[in-house]
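Topology and contacts: notes
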Amino acid sequence: MELKIGVIKGDGIGPEIVEEAMKVLDKTGEHYGFTCQYTQLLLGGASIDAYGVPLTEETISEAKENQAVLMGSIGGDAKVSPWYKLEPSKRPEAGLLRIRKELNLFANLRPAVLYEELKGACPLKEEIVKDGFDMMIMRELTGGLYFGRRSTEEENGILTARDELTYNEEEIRRIAKRGFDIARKRKKKVTSVDKANVLDSSRLWRKIVEETAAEYPDVTLEHMLVDNCAMQLVKDPAQFDVILTENMFGDILSDEASMVTGSIGMLASASLNETKFGLYEPSGGSAPDIAEKGIANPIATILSAAMMLRFSFDLDKAADAVEAAVEKTLRAGYRTVDIMSEGKKQIGTSEMGDRICSYIK
Ligand code: NAD
Ligand code: IPM
Ligand code: MN
């Protein structure tokens, strides 16, 4: 079986971490009977450097020709990178938002799991995380503030900026369904996160989520205001199973949840539409501060590749093998610097990829 995978190496640490994920995919293929045919695509800063724009029509159409896309993060340091001298619609992040929209990737799954072995890297007290936690953040990815109208103009001589936050009931219903579907396969609990005490878009969100819940009598639904959720994530992360939320809240809460697992370098993600196609990328950024040092944690990208095997290719056993290999590597005491703790062995990006490969069975 040949898997057709588009690869966007991205910027900053992107190429380093994607390299390790490809290594792990190839190794897994040797054991599980598949080969990967990779097509390199450009997005973000690398695309600006080559073509002057962060996303070309060619990248969009080639992405569509593949069964899935594996991606490293894009973007640079806004203080120093020339990409940020361009107008906002031509910067790296604009390319990422557009490809999400073009491919209709409305469902962004970000699993935040505390590995037994990483309790020492978690900043929370032992008593809070003694039983670990395993939550799935289901973030809406193609609506809300990210895709509303924007403007900056002078009004009565005062410079004024606007960003519009819109959700319609169909956008809410389709992501809510995804949230309940996934909860059904897990601990059957959905926490829908909104700001319904202030925002109309959140009040509509709550109404549609409740309507959807009626079709899932076996799943428990609770509502939580986003500010409380940010607090609860550090007070008692184990209370969560599926967190269902809109685009911006999901962006912020997922970074918070990632740190509770030990590091942003551990948080995988899958961006899905209504088909088997998906775009798989770590949830964190291109980390310009540590790029080209060979120290970035590739695990989020490797776990994203496991999500690809599961969701886009139905290769569940192969995905399990990758996840198990990550656990075994951590159990053996190997750590990149971001998850390092006393008594463990610190290794670099490439050695982490090699160690994980050695545990693929
Ligand atoms: P960031 O996530 O890149 O970095 C935040 C901190 O986390 C840094 O200290 C970084 O070194 C660390 N970090 C991130 N990933 C790591 C890893 N795999 N291993 C070890 N440490 C890691 O966030 P930022 O600095 O706010 O953003 C940098 C750039 O990345 C910006 O241009 C931003 O727009 C972009 N970005 C892209 C994506 C994406 O492509 N999906 C996501 C987030 C941010
Ligand atoms: C993410 C990133 C992106 C987002 C940025 C780079 C546009 O932070 O994937 O979490 O906000 O969605
Ligand atoms: Mn983010």
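Just so it is clear, the model here is predicted, and its values are computed rather than measured. (Residues numbered from 1 in each chain as written. Chains lettered and ligands numbered in written order. Predicted model: local features only at pLDDT ≥ 70, side-chain atom pairs only at ≥ 80, totals over all residues.)

1. Here we look at the sheet that holds strand 3 (residues 68-71)
Taken together, 10 strands build an open sheet; the order of strands is 2-1-3-12-11-4-5-10-8-9 and the sheet is mixed. On the outer flanks of this sheet lie strand 2 (35-41) and strand 9 (220-225), each paired with one strand and no other. Within the sheet, the average angular offset between the axes of one strand and its neighbour, ignoring direction, is 25°. Alignment of strand 8 (residues 189-194) against strand 9, held across 6 bridges, turns out to be parallel. Along strand 9, the bridge assignment pairs Asp194 with Leu225. Each of strand 1 (2-8), strand 2 and strand 3 is contacted by helix 1 (residues 14-32), which is oriented at about 160° to strand 2, the strand it contacts most. Strands in contact with helix 6 (residues 169-184) are strand 4 (107-113), strand 5 (134-140), strand 8 and strand 10 (242-245); relative to strand 5, the strand with the most contacts, it is inclined by about 165°. (Pairing = 2+ DSSP bridges. Helix = DSSP H or I, 4+ residues; strand = E, 2+ residues; numbered from the N terminus. Axes fitted to C-alpha atoms, helices over the stretch in contact; angles between N-to-C directions. Contact = placed C-beta atoms within 7 Å.)

2. Considering the UniProt feature "binding site: Mg(2+)" (unreviewed entry) in the protein chain
Feature annotation in UniProt places "binding site: Mg(2+)" (unreviewed entry) on Asp227, Asp251 and Asp255, given in this structure's numbering. A compact arrangement is adopted by the annotated residues: their sequence extent is 29 residues, whereas the largest C-alpha distance between any two is 14.5 Å. Mapped onto the elements, Asp251 comes out in helix 9 (residues 247-260). For Asp251, a count of 19 C-beta atoms within 10 Å translates into the label partly exposed. Here Asp255 shows up in helix 9. You can call Asp255 partly exposed: it has 15 C-beta atoms within 10 Å. (UniProt positions renumbered as here; feature names shortened; annotations may be inferred. Buried ≥ 20, exposed ≤ 12 C-beta atoms within 10 Å, placed from the backbone.)

3. Brief notes about the site of ligand 1
Ser73, Gly75, Gly265, Gly285 and Asn297 are the nearest of the 22 residues found near ligand 1. Looking at the shell around ligand 1 residue by residue, the classes come out as 10 nonpolar, 8 polar and 4 charged. (Near = placed C-beta within 6 Å. Nonpolar A, V, L, I, M, F, W, Y, C, P; charged D, E, K, R; others polar.)

4. As for the site of ligand 2
Around ligand 2 sit Gly75, Glu93, Leu96, Leu97, Asp251 and Ser283, and that is every residue in its neighbourhood. Broken down by element, the shell around ligand 2 gets its largest block of residues, 3 residues, from helix 4 (residues 92-102). Classifying every residue of the shell around ligand 2 by side-chain character gives 2 nonpolar, 2 polar and 2 charged.

5. Some words on helix 8 (residues 226-235)
Three or four residues apart is the spacing at which side chains of an α-helix point the same way, because the helix has 3.6 residues per turn. Looking only at helix 8, the buried set comprises Val226, Cys229 and Leu233. An end-on view of helix 8 places all buried positions within 45° of arc, on one side of the element. Away from its buried face by more than 90 degrees, helix 8 exposes Asp227, Asn228 and Lys235. (Arc of directions from axis to C-beta.)

6. Comments concerning the pairing of strand 5
Strand 5 sits mainly inside the fold: 6 of its 7 residues count as buried. As defined by bridge partners, strand 4 adjoins strand 5 across 7 bridges and the pair is classed as antiparallel. Directly across from Ala107, in strand 5, lies its bridge partner Glu140. Here strand 5 runs beside strand 10; their pairing, made up of 4 bridges, is parallel.

7. Notes on the environment of Leu221
Tracing the backbone shows Leu221 in strand 9. For Leu221, a count of 20 C-beta atoms within 10 Å gives the class buried. Between the C-alpha atoms of Leu221 and Gly348, which are 127 residues apart in sequence, the distance is 42 Å.

8. Observations concerning the domain arrangement of the protein chain
The domains assigned to the protein chain are domain 1 (1-112 + 264-361) and domain 2 (123-260). Between the C-alpha centres of domain 1 and domain 2 there is a distance of 24 Å. Counting residues at the interface gives 18 residues for domain 1, matched by 20 residues for domain 2. Listing elements by their share of the side of domain 1 that touches domain 2, those giving two or more residues are helix 4 and strand 4. In terms of residues, the side of domain 1 that touches domain 2 owes the most to one element, strand 4, which gives 6 residues. Of the residues assigned to the side of domain 1 that touches domain 2, the class counts are 10 nonpolar, 5 polar and 3 charged. (Domains from an automatic or database assignment.)

9. Details of the nonpolar core
Judged by nonpolar contacts, the single largest core of 94 residues is most densely connected at Leu70, Met138, Ile243, Tyr280, Ile302, Ala305 and Val322. Here the element with the most residues in this core is helix 10 (residues 299-311); it accounts for 9 residues. Not counting residues within four places of it along the chain, the set of residues in contact with Val322 comprises Val24, Thr28, Ile302, Ala305, Ala306, Leu309 and Ile360. (Core = buried A, V, L, I, M, F, W, Y, C linked by C-beta atoms within 7 Å.)

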